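# Overview (structure and organization)
Okay, here's what each chain looks like letter by letter:
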Amino acid sequence: MEKIAIVTGGSRGIGRAIVVALARKGIKVIANYNKSEEKAKQVKAELEKENLQIDIFKADVSKREEVKEMVAYTIKKYGRIDILVNNAGINQEKLFQDITDEDWENVMNGNLYSAFCTTQEVVQFMINQKSGCIINISSIYGINGGSYAVAYSATKAGMDGMTKALAKELGPSNIRVNSIAPGCMNTDMNAYLTEEEWEEIKQETPLERIGEGVDIAKCVEWLVEDEFTTGQVISINGGLVIT
Ligand code: NAP
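None of the values given here were measured: they were computed from a predicted structure.

Before going further, it helps to spend a moment on the pairing of strand β6 (residues 175-182). Each regular strand shows side chains that alternate between the opposite faces of the sheet. With eight of eight residues buried, β6 lies mostly within the body of the structure. The alternating pattern of β6 places Ile175, Val177, Ser179 and Ala181 on one face and Arg176, Asn178, Ile180 and Pro182 on the opposite face, and all of these are buried. Alignment of strand β5 (residues 132-137) against β6, held across six bridges, turns out to be parallel. Bridge pairing in β6 places glycine 132 opposite isoleucine 175. The sheet contact formed by β6 and strand β7 (residues 233-236) spans four bridges and is parallel.

Tallied over the entire structure, the rule returns three aromatic pairs. Ring geometry for phenylalanine 57 and tyrosine 73: centres 5.1 Å apart, planes at 45 degrees, overall tilted. Highlighted residues: phenylalanine 57 in strand β3 (residues 55-58) and tyrosine 73 in helix α3 (residues 64-78), separated in sequence by 16 residues. On the basis of relative accessible area, phenylalanine 57 is assigned to the buried category, the value being 15%. The partly exposed category is assigned to tyrosine 73, whose relative accessible area is 29%. Taking the centre distance of 5.8 Å and the plane angle of 50 degrees together, the rings of tyrosine 113 and phenylalanine 116 count as tilted. Linking tyrosine 113 with phenylalanine 116, this pair stays in helix α4 (residues 101-129), spanning three residues, or about one helical turn. Of the residues examined, tyrosine 113 reaches a relative accessible area of 27% and is grouped as partly exposed. Given the relative accessible area of 34%, phenylalanine 116 is considered partly exposed.

With that settled, the discussion passes to the site of the ligand. The full set close to the ligand counts 30 residues, and Ser36, Asn87, Tyr152, Thr187 and Asn190 are the nearest of them. Within the backbone of asparagine 87, a nitrogen or oxygen atom sits 2.7 Å from an oxygen atom of the ligand. Contact distances for the ligand include 2.8 Å between an oxygen atom and a side-chain N or O atom of asparagine 190. Coverage of the ligand by the protein chains reaches 94% of its 890 Å² of free accessible surface. Those elements that provide at least two residues to the shell around the ligand are α1 (13-24), β2 (28-33) and α6 (150-170). Looking at the shell around the ligand residue by residue, the classes come out as 12 nonpolar, 13 polar and five charged.

Conventions adopted
- Along every chain, residues carry numbers that run from 1 in the direction the sequence is written.
- Side-chain atom pairs in this predicted model are given and counted only at pLDDT of 80 or more, local residue features only at pLDDT of at least 70, and totals for whole chains, interfaces and linings cover all residues.
- Think of the side-chain values as coming from all heavy atoms in the structure, minus any hydrogens and water.
- Relative accessibility decides the category of a residue: with a 1.4 Å probe and only protein chains considered, values under 20% of the type maximum give buried, values over 50% give exposed, and everything between is partly exposed.
- In DSSP terms, a helix is any run of H or I states spanning at least four residues, a strand is any run of E spanning at least two, and both are numbered starting from the N terminus.
- A pair of strands is considered paired only if DSSP assigns at least 2 bridges between the two.
- Each aromatic pair joins two rings of Phe, Tyr and Trp (for Trp, the six-membered one) with centres within 6.5 Å, and gets the label stacked for planes under 30 degrees apart, edge-to-face for over 60, and tilted for any other angle.
- Residue proximity to a molecule or strand is established when one non-hydrogen atom of the residue lies within 4 Å of it.
- The term polar contact refers here to a pair of N or O atoms within 3.5 Å; inside protein, the definition further demands a hydrogen-donor-capable atom paired with an acceptor-capable atom, and it admits residues adjacent in sequence only when both atoms are side-chain atoms.
- Under the convention used here, a 1.4 Å probe and the Shrake-Rupley method define accessible areas, while residue burial counts only the protein chains that appear.
- Three categories are distinguished: nonpolar for Ala, Val, Leu, Ile, Met, Phe, Trp, Tyr, Cys and Pro, charged for Asp, Glu, Lys and Arg, and polar for the others, with Gly belonging to the last.

Below, the structure written as structure tokens:
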């Protein structure tokens, strides 16, 4: 049977690489975007050149009503959801003392509430199907913490906690829940880094390079195929963090 996947934040960066990889595996992908409509259209057009069809769907995944619409669209069109990748996220670089309540709320909503809300809307269908694969894209900052990124790190540790607890709750329904915690990746999220900073990160990384979206997409492909991994946080980081 054809598998159906929702990938949040599929317009660019890591999410885009995941959309492309899953579509190339013959999975029907609903690539979610929020602000980057042109980029989402570009992914769709590029895959069409390979005779692969994806759906793109605009929704701010930090808003319950918009998530509900995306899930309803998917169920109406395909009748099921097999894979959910909670990838959408925002960065926040701030000294701890400078974080306002509004900053805290924004990053909590953008990274953690969005994953909670999307998972909750999707999971009812997976429970009925008695199968599903949920992948949360967290971060090495959730494992190790990042200075100037206290709120961001808290959201990512929260995602990993959600992964582990939900894996226990949903295992009997044959739903696997895992996190992928990327290291430093070559995406817009890190566009603020200087050449020198990139070089330093490379030098600190045992595999001596910066990660690409495709490195994360390969792990997603594996988790989609696997049948006995759940509740795990898999860090793909070139050895930058070894726990
Ligand atoms: P990116 O290049 O900045 O892309 C972020 C993506 O998230 C965009 O597709 C964006 O969509 C989407 N997004 C953000 N808020 C959204 C919302 N409210 N609703 C829907 N979509 C939303 O970031 P990235 O590097 O690919 O990061 C992807 C994930 O990996 C994030 O969760 C990030 O925290 C995590 N991560 C990244 C790194 C890294 O070094 N880059 C490291 C560890 C973890 P629109 O542009 O369409 O709004």
